[in-house]
Amino acid sequence: MSKQKIIYSCTECGAEASKWAGQCFDCGGWNTLVEAISEPKKTGRHASFSEKAMALKTWSMTEVETGEKVRRSIGMTELDRVLGGGLVQGSVVLIGGDPGIGKSTLLLQGMVNLCQQTSALYVTGEESLQQVTMRAQRMDLTAPELRLVAETSVERILEIAASESPQVMVIDSIQTVYTDELSSAPGSVSQVRECAARLVSYAKQTGTAMFLVGHVTKEGALAGPRVLEHMVDTVLYFEGDSSSSYRVIRANKNRFGAVNELGIFAMTEKGLREVKNPSAIFLSRHEEPVSGSVVMVTREGSRPMLVEVQALVDESHSPNSRRVTLGFDQNRLTMLLAVLHRHGGIAMFDQDVFVNVVGGVRVTETAIDLPVILAALSSMRNKPLPNDLVVFGEVGLSGEVRPVQAGQERLHEAAKHGFKKAIIPAANAPKKKIDGMEVIAVNRISEALDAI
Ligand code: TYD
Ligand code: MG
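From a predicted model like this one, the values you see are computed outputs, not experimental measurements.

Asks: Help me understand the pairing of strand β3 (residues 33-37), please; the structure alone is not making it clear to me.
Replies: Regular strands have side chains that alternate between both faces of the sheet. Counting buried residues along β3, five of its five residues qualify, which places the element largely inside the surrounding structure. With burial as the criterion, each face of β3 is covered, one bearing Leu33, Glu35 and Ile37 and the other bearing Val34 and Ala36.

Asks: I'm lost on the packing of helix α5 (residues 154-164) against helix α6 (residues 189-206) in this one. Help?
Replies: Think of two packed helices as two axes; the pair is described by the angle between the axes and how far apart they sit. One way to put it is that α5 packs onto α6 with a least axis distance of 10 Å and a crossing angle of 10°. Considered as vectors, α5 and α6 are oriented roughly parallel to each other. Between α5 and α6, the contacting residues are Val154, Glu155, Ile157, Leu158, Ala161 and Ala162 on the first element and Cys195, Arg198, Leu199 and Tyr202 on the second. For the contact of α5 with α6, a count of residues per class yields eight nonpolar, no polar and two charged.

Asks: Would you mind showing me how to read the side chain of Thr105 here?
Replies: Structurally, Thr105 is set in helix α3 (residues 103-114). Judged by relative accessible area, which is 9%, Thr105 ranks as buried. Those residues in contact with Thr105 that sit more than four places away from it in its chain are Arg135, Met139, Met267, Gly271 and Leu272.

Asks: I would appreciate a short explanation of the packing of aromatic side chains in the present structure.
Replies: This structure, assessed with the given rule, holds one aromatic pair. An angle of 85° between the planes, with centres 6.4 Å apart, marks the rings of Phe238 and Phe265 as edge-to-face. On the criterion of sequence distance, the pair formed by Phe238 in strand β11 (residues 234-239) and Phe265 in strand β13 (residues 262-268) is long-range, its members being 27 residues apart. The buried category is assigned to Phe265, whose relative accessible area is 0%. The ring of Trp59 has Lys57 lying over it, and the distance from NZ or CZ to the ring centre is 4.3 Å. The ring of Phe392 carries Arg410 above its face, with NZ or CZ at 5.4 Å from the centroid.

Asks: Looking at this structure, how should I read the environment of Leu411?
Replies: Mapped onto the elements, Leu411 comes out in helix α10 (residues 407-416). Residue class for Leu411 comes out buried when judged on its relative accessible area of 0%. The spatial distance from the C-alpha of Leu411 to the C-alpha of Ile424 is 9.2 Å, given a sequence separation of 13 residues. Not counting the four nearest positions on each side in its chain, Leu411 is found in contact with Phe392, Ala422, Ile424, Asn428, Pro430, Ile434, Met437 and Val439.

Asks: It is not clear to me how the pattern of salt bridges should be interpreted in this structure. Could you clarify?
Replies: As a working rule, side chains carrying opposite charge can pair if their charged atoms are close by. Scanning the model with the defined rule gives 19 salt bridges in all. Note that Glu181 is salt-bridged to Arg198, the shortest N-O span being 3.0 Å. Within this pair, whereas Glu181 is found in the loop between β9 (168-172) and α6, its partner Arg198 is found in helix α6, the two being separated by 17 residues in sequence. Glu181 gets classed as partly exposed once you look at its relative accessible area, which sits at 26%.

Asks: When you look at the sheet that holds β11 in this model, what are you seeing that I'm missing?
Replies: Working definition: the strands of a sheet are paired by backbone hydrogen bonds and lie parallel or antiparallel to each other. Read from one edge to the other, the open sheet built from nine strands follows the order β8-β7-β9-β10-β6-β11-β12-β13-β14, with strand pairing classed as mixed. Both outer strands of the open sheet, β8 (147-150) and β14 (271-274), are each paired with one neighbouring strand and no more. Direction aside, the axes of adjacent strands within the sheet are offset by 25° on average. One ladder, built from four bridges, connects β9 with strand β10 (residues 209-215); its direction is parallel. Paired with Val168 across the strands is Ala209, a residue of β10.

Asks: What is the right way to read α3 from this model?
Replies: Each full turn of the α-helix corresponds to 3.6 residues, which orients residues three or four apart in the same direction. When the terminal C-alpha atoms of α3 are compared, their 16 Å separation across twelve residues agrees well with the 16 Å that a helix rising 1.5 Å per residue should span. Judged by how many residues are buried, α3 sits mostly within the fold: eleven of twelve residues are covered.

Asks: Sorry if this is basic, but what is going on with the site of ligand 1 here?
Replies: Every one of the 16 residues lining ligand 1 counts as a neighbour, but Gly100, Ser104, Thr105, Thr268 and Glu269 are closest to it. Between ligand 1 and Thr105, the relevant distance is 2.6 Å, taken from an oxygen atom to a side-chain nitrogen or oxygen of the residue. When the free accessible area of ligand 1 is taken as 550 Å², the share hidden by the protein chains comes to 72%. Contributions of two or more residues to the shell around ligand 1 are made by α3, α4 (129-138) and β13. Tallying contributions element by element places α3 first for the shell around ligand 1, with three residues. Looking at the shell around ligand 1, its residues break down into four nonpolar, six polar and six charged.

Asks: Please explain the sheet that holds β3 as it appears in this structure.
Replies: Spatial ordering of the open sheet is given by β2-β1-β3, a layout of three strands whose pairing is antiparallel. Each having just a single partner strand, β2 (16-17) and β3 make up the two edges of the open sheet. For strand β1 (residues 6-10) and β2, the ladder comprises two bridges, and the chain directions are antiparallel. Paired with Ser9 across the bridge in β2 is Glu16.

Asks: What is the right way to read the confidence of the model for the protein from this model?
Replies: A low pLDDT score tells you not to read the predicted coordinates there in detail. Mean pLDDT over the protein: 87, with 92% of residues reaching 70 or higher. Taking the mean pLDDT of every element in the protein, the minimum, 61, falls on helix α1 (residues 49-55) and the maximum, 96, on strand β7 (residues 120-124).

Asks: Just checking my understanding: could you explain the packing of helix α8 (residues 330-344) against helix α9 (residues 369-381) for this structure?
Replies: Here α8 crosses α9 at 65°, and the two axes come no closer than 10 Å. Judged by the angle between their axes, α8 and α9 are roughly perpendicular. Here α8 and α9 pass one another in a crossing that is right-handed. Between α8 and α9, the residues in contact are Arg332, Leu333, Leu336 and Leu340 and Asp369, Val372 and Ile373, respectively. When the residues that make up the contact of α8 with α9 are grouped by side-chain class, the tally is five nonpolar, no polar and two charged.

Analysis parameters
Residues numbered from 1 in each chain as written. Chains lettered and ligands numbered in written order. Predicted model: local features only at pLDDT ≥ 70, side-chain atom pairs only at ≥ 80, totals over all residues. Heavy atoms only, no water. Buried < 20%, exposed > 50% of the residue type's maximum accessible area, 1.4 Å probe, protein only. Helix = DSSP H or I, 4+ residues; strand = E, 2+ residues; numbered from the N terminus. Axes fitted to C-alpha atoms, helices over the stretch in contact; angles between N-to-C directions. Parallel < 35°, antiparallel > 145°, perpendicular 65-115°, else oblique. Contact = heavy atoms within 4.5 Å. Nonpolar A, V, L, I, M, F, W, Y, C, P; charged D, E, K, R; others polar. Phe/Tyr/Trp six-rings, centres within 6.5 Å; stacked < 30°, edge-to-face > 60°. Lys NZ or Arg CZ within 6 Å of the ring centre and 35° of its normal. Salt bridge = Lys/Arg side-chain N within 4 Å of Asp/Glu carboxyl O. Pairing = 2+ DSSP bridges. Expected span 1.5 Å × (residues − 1). Near = heavy atom within 4 Å. Polar contact = N/O pair within 3.5 Å; in protein donor to acceptor, adjacent residues only side chain to side chain. Areas by Shrake-Rupley, 256 points an atom, 1.4 Å probe, with all protein chains shown as cover. pLDDT = per-residue confidence, 0-100. Left-handed = near helix turned anticlockwise from the far one by under 90°.

In structure tokens, the structure reads:
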């Protein structure tokens, strides 16, 4: 094998340099140059025009053969649904999450189910074979068919895979895998990128379904370059509050299904258990109404779920008042407070505002806007809202309350859990009355403020 040339490429702009430097000469980014292997340029003869025209054929969709994509059930409906109805043959799935959240546990359980239908290989780079086996024993899992190997060299992993030819493979984790051809340490950007590229190309060539486990950084992004997310077919995030036993798995990108579908699990002594009916698990009902707390109905994926939004508004003692959010976008909070000021006449510029979505869930849909505003106001005035009230609705910059998807379904879910009042966008108001539910439909944020 000819010795491959090492170059340095910029993770921001993709420029290449032959020597390492602290600053990219092209885009000027600092510390963005990482080691990479240069591909020898293919020098072909210049083809004549007619020859080129032959090679450059285009296709109509009716001429393209798609073939049947085989989907395999992993034996856990929550995970199957997040994947879009099962694991697609030849697809590469990246699972990210904090350390200790349960990625290895989830995949071990999944592989134990899968190895009963097909050949499965579990490559562990973080734990020894004894640790994996002991974990399986603790969870009462027996799977003599599951092949295990403790290996971190990508070359050897691919050799093992080629000789065993498994249909499903797990690499736990991509940060521990390395190639000898790069001198940087395992887990560095260049190693992660190069190893992932090789594993992905193996999966595509052989039609092997592959799970890659990835760690997340403090900021919550997958460690390693964003290119990792581009290379794979599906990116799943496994998240949850370490103090609670509930875990949420969410698709962030999916070439074979919808994104924002949620799968919910509970961590028990015997591993992860599926939560089939999760609609109220994140709700902590207070006996007495408390100020700063609003229950909303969110609908991430295909199921409505009740979650509690809490706000704390407190006098600020520093020149820069703080806006802190957990489970919700901070920029959006700043925007909502500006809308509240302009269109509701309530200023919070001298107040610290904290917003938390209870239970470690993250709400990414805009239906949380109105609940956040009402929770902040309730905390500032120290006036509790009724505890049988639910709220949802998007708020626009001109103070209008905009409808959200599936308003009816959300209201029915709330009614099922005994809520009696709802403040919702006028366009979501039900045509037929819902039994035992008083609906206050609002067009503008000022109407919502009047209603409370
Ligand atoms: P693990 O799957 O090792 O996390 P990751 O691979 O994401 O780093 O999960 C480890 C945690 O899960 C650990 O804190 C203990 C807990 N756990 C249980 O509560 N019950 C179990 O049956 C198992 C196997 C783990
Ligand atoms: Mg692990």
